[in-house]
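Topology and contacts: notes
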Amino acid sequence: DSEDADDEGGGLARRAASAAPKPATHEDFLSRLEEELRKMDRFAHEEVLKVRRSLRALEALSAGAAARLDDFGDQCGAVGAAFLEVEKYVNLNVTAVRKLLKKHDKVLPSRGPIKAFYTARMHDMRWVRNDYSDVVVRLSRLYARVAAATGADDDRDAKDDDDDKD
């Protein structure tokens, strides 16, 4: 009964009109941009924390009893690949935001330029602001351990081959 009354009084049409998406305002755009920048910063930071945890585990493993070398090398490679994926993610997103801001300033000059402001905001993000050279150095040390151990194994194999010839 209530639905019939709504239909007669245009209630269905009012509900449909209110459910239709409203055009985004400039303020909506800026709020969404700010939200996406925060999300990108948070995601990259969480991923780097995961990489650092993995590095700690690998360093502990390499300092302890000898692990299977090929497995250890694969694990180092996986951590390095994860770190590179974070870097690619951030670089891609920063490039996309810069292009978006450039287009905004070109298409909506009356709104005032925002590219400089949001580019500065991106430079305040942890990925850009922080120094991640420690991750690269730690990965390099782990790769060096793998290479040294692989070289030692290769030397032993070569010596065994020489002994077989005698």
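Because the structure is a prediction, the values reported are computed rather than measured.

What follows deals with the packing of aromatic side chains. The geometry of an aromatic ring pair comes down to the distance between the two centres and the angle between the two planes. In this structure the tally under the stated criterion is four aromatic pairs. Ring geometry for W127 and Y132: centres 4.8 Å apart, planes at 25 degrees, overall stacked. Through pairs of rings, three or more aromatic residues link up here, namely F83, W127 and Y132.

Interpreting fine coordinate detail is not advised for predicted regions of low pLDDT. Per-residue pLDDT for the chain has a mean of 82; in total, 75% of the residues score no lower than 70. The spread of mean pLDDT over the elements of the chain runs between helix α1 (residues 2–8), the lowest at 52, and helix α3 (residues 26–63), the highest at 92.

Quick look at the packing of α3 against helix α5 (residues 115–123) now. Axis separation between α3 and α5 bottoms out at 11 Å; the angle between their running directions is 20 degrees. Relative to α5, the element α3 lies roughly parallel. For the crossing formed where α3 meets α5, the hand is right-handed. Within the contact between the two elements, α3 uses L30, L33, E34 and L37 and α5 uses Y118, R121 and M122. Here the contact of α3 with α5 is composed, by residue class, of five nonpolar, no polar and two charged.

Core analysis: the largest hydrophobic core is formed by 27 residues, its most contacted members being L37, L55 and W127. Among residues more than four places away in sequence, those in contact with L37 are V97, Y118, M122 and M125.

Okay, the pattern of salt bridges next. Charged atoms that come close allow side chains of opposite charge to pair. Considering all chains together, one arrives at ten salt bridges under this definition. Note that E36 and K39 form a salt bridge whose closest N and O atoms lie 3.3 Å from each other. Remark: K39 and E36 occur in helix α3; sequence separation between them is three residues, near one turn of the helix. The exposure class of E36 is partly exposed, given its relative accessible area of 28%. Here R126 ties to D41 by a salt bridge, and the two come within 3.1 Å at their closest N and O atoms. One end of the pair, R126, is in helix α6 (residues 126–129); the other, D41, is in helix α3, with 85 residues separating them in the sequence. Judged by relative accessible area, D41 falls into the buried class, the value being 13%. Overlapping salt bridges, with partners in common, bring together R52, E59, D134 and R138 in one network.

This part covers α5. Within the span of α5, buried status applies to Y118, T119 and M122. Buried residues along α5 cover an arc of 105 degrees about the axis, so they all sit on one side.

Turning to the side chain of D105, a few remarks are in order. Within the secondary structure, D105 sits in helix α4 (residues 69–107). It turns out D105 is buried and unbridged, and the closest side chain with the opposite charge, K115, is 6.8 Å from it. At a separation of 3.0 Å, a polar atom in the side chain of D105 contacts the side chain of H104. Look past the residues within four positions of D105 in its chain and what remains in contact with it is G112, P113, I114 and K115.

Our next topic: the environment of Y143. Considering the arrangement of structural elements, one finds Y143 in helix α7 (residues 133–165). As a C-alpha pair, Y143 and G73 span 70 residues in sequence and 7.2 Å in three-dimensional space.

Scoring rules and cut-offs
- Residues numbered from 1 in each chain as written.
- Predicted model: local features only at pLDDT ≥ 70, side-chain atom pairs only at ≥ 80, totals over all residues.
- Heavy atoms only, no water.
- Phe/Tyr/Trp six-rings, centres within 6.5 Å; stacked < 30°, edge-to-face > 60°.
- pLDDT = per-residue confidence, 0-100.
- Helix = DSSP H or I, 4+ residues; strand = E, 2+ residues; numbered from the N terminus.
- Axes fitted to C-alpha atoms, helices over the stretch in contact; angles between N-to-C directions.
- Parallel < 35°, antiparallel > 145°, perpendicular 65-115°, else oblique.
- Left-handed = near helix turned anticlockwise from the far one by under 90°.
- Contact = heavy atoms within 4.5 Å.
- Nonpolar A, V, L, I, M, F, W, Y, C, P; charged D, E, K, R; others polar.
- Core = buried A, V, L, I, M, F, W, Y, C linked by side-chain atoms within 4.5 Å.
- Buried < 20%, exposed > 50% of the residue type's maximum accessible area, 1.4 Å probe, protein only.
- Salt bridge = Lys/Arg side-chain N within 4 Å of Asp/Glu carboxyl O.
- Arc of directions from axis to C-beta.
- Lys, Arg positive; Asp, Glu negative; His and termini not counted.
- Polar contact = N/O pair within 3.5 Å; in protein donor to acceptor, adjacent residues only side chain to side chain.

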